[in-house]
Each structure stands twice: as C-alpha cells, then as structure tokens.
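Structural overview for review
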Amino acid sequence: MSIGLLAVLLALLVLAQGSLFRRCALKRLTYQRDFSARAVFAGDTVELVEVIRNRKLLPLPWLRVESRMSNALVFGGTQTDADEASTVSGNPGFAYHQSAFTMGAYTQVTRRHKVTAAKRGVYAARTVSLTCGDLFGTAAAQRQMDVGAELIVYP
C-alpha cells in the first residue's frame, strides 16, 4: 500500500468520525441541575447538584459545560465522580462556571457544588451550554438548554 493511499484513507477516516460526532454527539445526552433547597437565608450554604448522562454507545472524548449565574452565589468546593477541569471566572454581576471532562458510553456524571448565598434575592441558574467534540478536534457540536434551577434567598 502506498503512502498516498494511506494518507487518503486516514483523511477519510478523520472526516467520517468528525461527521459522526457532529450528528450524534449531543443526541441522548441529558443534563439536570437543581439546588438542594428551594429557599435559604443570606449567608447559608446550599448544594448545586448537576447530573449529566450519556445514554448512547458513542463515548465523548471531551465535553465542556458552561453556565452563567449571579456572583451573589459564591462557589465553594466541588465534588464529582469523574475527572474534570473546573473554573469559575467573574464579571461584574455574573460568575461563569466552566467544566471540561470526558464521558464514556452509557455513563453518568454527578457534580455537587457548595454554593453560599451572599445576599437576598431570587437567583436563577437556568441556562447551560453543552459543547462536545471529536477525537481530532475537527468537529464540535453545541447546544444550549434551559434547566430551570432557581434559588430564593431570604434576608
């Protein structure tokens, strides 16, 4: 087999797996988020529980979960049942939480974040963005979801 034919076959394989990930990576991928309590007092700590399920045979080489919340919800420690990289960055009024990890076929990841309610108000953590891609970085699929998590903080 010549080097040229091998290069063409490899390029076709990379394109085929990229197409497969673009079409199927976000199918049967579910995400749930909720607070452990519906209402707390200012200064109390509550858990933000996230559950991500990959309900298909296709493993995800990388998955990035991004969400935006009020910076009045101060993140503490995170417990997770998967290897992940997690960061929280802040802007005036909002905190952006990003996590990146891998998921095998038919797996579930549960993450528990300690969140302290700094001041009174009604805080919604409703929108999350899921981005996942293929093995070679040639294809990525993204979806935004509305998850409806809300926390009431009393004075």
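Residues numbered from 1 in each chain as written. Predicted model: local features only at pLDDT ≥ 70, side-chain atom pairs only at ≥ 80, totals over all residues. Heavy atoms only, no water.

Considerations on helix α1 (residues 3-24)
- Taking 1.5 Å of rise per residue, 22 residues should cover 32 Å, and α1 covers 31 Å from first to last C-alpha, within 8% of that figure.
- In this fold, the buried residues of α1 make contact with β4 (60-70), β9 (121-133) and β10 (140-154). (Helix = DSSP H or I, 4+ residues; strand = E, 2+ residues; numbered from the N terminus. Expected span 1.5 Å × (residues − 1). Contact = heavy atoms within 4.5 Å.)

Side note on the packing of aromatic side chains
- Applying the stated criterion to the full structure yields one aromatic pair.
- Ring geometry for Phe41 against Tyr154: centres 5.6 Å apart, planes inclined by 55°, an arrangement best described as tilted. Of this pair, Phe41 sits in strand β2 (residues 39-41) while Tyr154 sits in strand β10; the two residues are 113 residues apart in sequence, bridging distant segments of the chain. (Phe/Tyr/Trp six-rings, centres within 6.5 Å; stacked < 30°, edge-to-face > 60°.)

What to know about the side chain of Arg33
- Within the element layout of this structure, Arg33 appears in strand β1 (residues 29-35).
- What makes Arg33 buried here is its relative accessible area of 4%.
- At a separation of 3.3 Å, a polar atom in the side chain of Arg33 contacts the side chain of Ser67.
- Looking at Arg33, its side chain comes within polar contact range of the main-chain oxygen of Ala125, at 2.8 Å. (Buried < 20%, exposed > 50% of the residue type's maximum accessible area, 1.4 Å probe, protein only. Polar contact = N/O pair within 3.5 Å; in protein donor to acceptor, adjacent residues only side chain to side chain.)

With respect to the side chain of Thr131
- Along the chain, Thr131 turns up in strand β9.
- Since its relative accessible area comes to 5%, Thr131 is described here as buried.
- Beyond its immediate chain neighbours, meaning those up to four positions away, Thr131 contacts Trp62, Leu63, Arg64, Glu66, Ala141 and Gln142.

A look at the pattern of salt bridges
- For the coordinates displayed, the defined rule picks out seven salt bridges.
- Put simply, Arg33 and Glu50 hold a salt bridge, and the shortest N to O gap is 3.8 Å. Of the two residues, Arg33 is situated in strand β1 and Glu50 in strand β3 (residues 45-54); the sequence distance between them amounts to 17 residues. Side by side, Arg33 and Glu50 carry an identical accessibility label, which is buried.
- Across the salt bridge formed by Arg112 and Glu47, the nearest N and O atoms sit 3.8 Å from each other. Remark: Glu47 occurs in strand β3 and Arg112 occurs in strand β8 (residues 107-117); sequence separation between them is 65 residues.
- Judged by relative accessible area, which is 34%, Arg112 ranks as partly exposed.
- Judged by its relative accessible area of 19%, Glu47 is buried. (Salt bridge = Lys/Arg side-chain N within 4 Å of Asp/Glu carboxyl O.)

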